[in-house]
Amino acid sequence: MFFTVSLYIALAVFAIGLLFKVSTWFRYSLSPAAANISSGKRVAAAAKGILLTVFSLKILTLLKVLVLEVLLQTRTLKESLLRWWMHMLIYGGFMLLLLMHALDKIVSVSLFSDYYATLNPFMFLRDLFGLMVMVGLALALYRRFFMKIPRLKTNPLDHYAIIILAVIMVSGFLLEGIKITSYTRYQEMVEAYGEAGDEEELKALESLWVKEYGVVSPELKGPFEDDVIEKGRELNESCISCHSRPQWAFLGYGTAKIIAPAAVALDEAGAPRFLWIIHFLACFIGLAYLPFSKMFHIIASPVSLLANAVMDPLTSDPANIATRQIMELDACTHCGTCTLRCSVGVVFEEIPNVNILPSEKIASLKRLASGKNISQQDIRTIQEGLYLCTNCLRCTGVCPVGINLQELWFSAREALLQKDCPELLILSPLSLYRGLMQPALPDDVYQKPIALINDVIVNRFKAIDQEHPTFPAQMDKGLKRTLDISAPGSTFSYCFTCKTCTSACPVVHNFEHPWEALGLVPHQIMHATALGLGDLIFSSKMLWACLGCYQCQQQCPQGVRVADVLYELKNLAFKQLKEPLSKG
Ligand code: SF4
Ligand code: SF4
Ligand code: SF4
Ligand code: SF4
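Below you will find a few notes about this structure. Bear in mind the structure is a predicted one, so any value in this text is a computation, not a measurement.

**Here we look at helix α2 (residues 39–54)**
(1) Moving on: Taking 1.5 Å of rise per residue, the 16 residues of α2 would be expected to cover 22 Å, and the 22 Å separating its terminal C-alpha atoms lies within 8% of that figure.
(2) Moving on: Listed as buried for α2 are Arg-42, Ala-45, Ala-46 and Thr-53. Taken end-on, α2 shows its buried residues confined to a sector of 100°, consistent with a single buried face. Along α2, the residues that are exposed and aim more than 90 degrees away from the buried face are Lys-41, Lys-48, Leu-51 and Leu-52.
(3) Moving on: Elements in contact with the buried residues of α2: α1 (2–27), α3 (58–71), α15 (297–310) and α16 (318–331).

**Let's talk about the layout of surface pockets**
Over the atoms rolls a probe the size of a water molecule, and in doing so it shows where empty space is left.
(1) Moving on: Counted as a void, the second largest pocket has a volume near 1200 Å³.
(2) Moving on: Every residue lining the second largest pocket is counted, 42 residues in all, and those nearest its centre are Glu-423, Leu-424, Leu-425, Ile-426 and Leu-427.
(3) Moving on: For the lining of the second largest pocket, the element with the most residues is helix α23 (residues 443–456), which contributes 6 residues.
(4) Moving on: The residue inventory of the lining of the second largest pocket, partitioned by class, reads 25 nonpolar, 9 polar and 8 charged.
(5) Moving on: When residues of the lining of the second largest pocket are assigned to domains, at least three map to each of domain 2 (336–459) and domain 3 (477–582).

**Focus: the packing of helix α8 (residues 156–181) against helix α12 (residues 250–259)**
(1) Moving on: Put simply, α8 and α12 touch, their axes get as near as 7 Å, and they point 65° apart. You can see that α8 and α12 cross each other, and the crossing is right-handed. Each of Phe-173, Leu-174, Glu-176, Gly-177, Ile-178, Ile-180 and Thr-181 in α8 lies in contact with α12, whose residues at this interface are Leu-251, Gly-252, Tyr-253, Thr-255, Ala-256 and Ile-259.
(2) Moving on: Looking at side-chain class alone, the contact of α8 with α12 contains 8 nonpolar, 4 polar and 1 charged residues.

**Focus on the side chain of Lys-21**
(1) Moving on: The residue Lys-21 is located in helix α1 in this model.
(2) Moving on: A relative accessible area of 16% places Lys-21 in the buried class.
(3) Moving on: A polar contact of 3.3 Å, which involves the side chain of Lys-21, links it to the side chain of Asp-330.

**Overview of helix α18 (residues 358–370)**
(1) Moving on: Taking 1.5 Å per residue, 13 residues should reach 18 Å; α18 reaches 19 Å between its end C-alpha atoms and fits that length.
(2) Moving on: The element α18 is extensively covered by neighbouring structure, given that 10 of its 13 residues are classed as buried.
(3) Moving on: Listing the buried residues of α18 in full gives Pro-358, Ser-359, Glu-360, Lys-361, Ile-362, Ser-364, Leu-365, Leu-368, Ala-369 and Ser-370.
(4) Moving on: Here the buried face of α18 lies against α16, α17 (337–341), α19 (376–388), α20 (394–398) and α21 (405–418).

**A few points about the site of ligand 1**
(1) Moving on: Taken together, 13 residues form the shell around ligand 1, and within it Cys-332, Cys-335, Gly-336, Cys-338 and Cys-399 come nearest.
(2) Moving on: By residue class, the composition of the shell around ligand 1 is 8 nonpolar, 5 polar and no charged.

**With respect to the packing of aromatic side chains**
(1) Moving on: Counted under the stated rule, the structure contains 17 aromatic pairs.
(2) Moving on: Geometrically, the ring pair formed by Tyr-550 and Tyr-567 is tilted, given 6.5 Å between the ring centres and 35° between the ring planes. Here Tyr-567 lies in helix α32 (residues 562–576) and Tyr-550 lies in the loop between α30 (541–545) and α31 (551–555), a separation of 17 residues in the sequence.
(3) Moving on: According to the relative accessible area criterion, Tyr-550 is partly exposed, its value standing at 31%.
(4) Moving on: Among the residues examined, Tyr-567 registers a relative accessible area of 35% and is labelled partly exposed.
(5) Moving on: Through a chain of ring-to-ring contacts, the aromatic side chains of Tyr-183, Tyr-186, Trp-209 and Tyr-213 assemble into a single cluster.

Reading the values: rules and limits
Residues numbered from 1 in each chain as written. Chains lettered and ligands numbered in written order. Predicted model: local features only at pLDDT ≥ 70, side-chain atom pairs only at ≥ 80, totals over all residues. Heavy atoms only, no water. Helix = DSSP H or I, 4+ residues; strand = E, 2+ residues; numbered from the N terminus. Expected span 1.5 Å × (residues − 1). Buried < 20%, exposed > 50% of the residue type's maximum accessible area, 1.4 Å probe, protein only. Arc of directions from axis to C-beta. Contact = heavy atoms within 4.5 Å. 1 Å grid on protein atoms, 1.4 Å probe; cavity = no way out; pocket = protein on both sides within 12 Å on 5 of 7 lines; lining within 4 Å. Points joined across faces, edges and corners; volume = space filled by probe spheres on them. Nonpolar A, V, L, I, M, F, W, Y, C, P; charged D, E, K, R; others polar. Domains from an automatic or database assignment. Axes fitted to C-alpha atoms, helices over the stretch in contact; angles between N-to-C directions. Left-handed = near helix turned anticlockwise from the far one by under 90°. Polar contact = N/O pair within 3.5 Å; in protein donor to acceptor, adjacent residues only side chain to side chain. Near = heavy atom within 4 Å. Phe/Tyr/Trp six-rings, centres within 6.5 Å; stacked < 30°, edge-to-face > 60°.

And the structure:
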């Protein structure tokens, strides 16, 4: 009764959790393009997409991905042999245990007409699958706590996954071991199935089970006479059809041998029942909590891999892209591979913001997508992590579950910008990030950051009067003095206006008449700096359109650190603003 009620409660919680999690795939959104698409439309778009895929040649792609990437996990294998073994052992062993052991009354009984849990090869296989999970867990612990992988973070969800699996496995083997030794269980078995014999026969049978089946009797201890054992073997003939020797359950039998000295006391204290409760409760808790834990990736990762294999980011329905993105957040296994390979991961050692690390940013993006429990401070730290990303794509390339991380970063970054959360660094419409986003954005949204910069900074400084072009009367002596005390900043004075920097600048090359679009170009900014023309420099759009690509600096024959000087000038402009940019 207790078992049945607990099982149904666990199944009900699991089903509700599963429905809730899958519903978030259609309710939450990171992509600004899908912000106004209703959940109903997203479900319909997903159903249509699935039908179109299944009844097209893309089905072959799905089958290939299913075999290679889902079942054989070739992506993980490409990245790390250790992780592949760990995953295959845990995943393979656990699924086989679930089907052949936990669901034996449904699966094993249907597949094998001679199935009996205490017969071979089923006893041996059960322990073999259990051993696979244990070795996989040991590899996971070794990797997480002993390998010292740079910046690999272990969070409470990782701890939970390891602990719940370990409790299920260890309690399972202890239960198996204690059941082998249990005298109470032996007696129950004799009463239920044995043909009542005289005392001598019962003693012979018990002696055989003590000697060959690992039972620990409070009265009978070996060694036994050969003829007693022989007699016991004859009486045991009818039991052989449903009981193989326990040695085949090699882990349970090993455990039985270890606990044998305390077996009688444990049996009398009710340890078999206690361990049975622990084992089944751990299984039920694991099942009920699965949709809310990291283990949900068992479901989300394959779906995400399949979806990514057949979806084209440029042509797919934006509703489906938004759904896939939320699914991808659930598919993350928190393996840390992306963080290990991240081009800016090392920055975390100087700026301790976990959102710099792609594997940690996933959790923050989940909160951002849900729109709940997220403060302005949290948004700032997420944004910092997002804009420090160099868009190098390395994380996407190495993710073993094929998450399009690059697209997630872009969507989150754009979503925050469109919610009027300006980034600390200025986003030029010519920057790589904006360039990559251009096809997905309406023109006014695309131009918004630079329009914002013009409004709040450029127009606050006095530009050259186009009709009566004169330099501002007041020279800014402080400007030169400030740059002079900085090693990179002071190099502006080496400039002999050869224009090499301007010729190398991709921003300048983007315009037919750059001086009209940008005001001053790089070599002119260096010259204007030497003249102390602060207003002229700060009102120049070039300063704010600069991509920070460092081409100018690399090419300068005089060693002027042009890009660094531009950064220092931007900082000076902020300091000179009379009114603060924002209160946020
Ligand atoms: S995003 Fe991919 S690579 Fe990064 S932690 Fe998650 S599963 Fe691993
Ligand atoms: S794209 Fe960004 S997050 Fe990904 S590896 Fe490169 S720098 Fe790191
Ligand atoms: S390349 Fe160097 S020296 Fe030439 S104009 Fe630019 S900053 Fe001056
Ligand atoms: S860093 Fe130099 S070359 Fe690159 S955009 Fe800025 S001014 Fe142009």
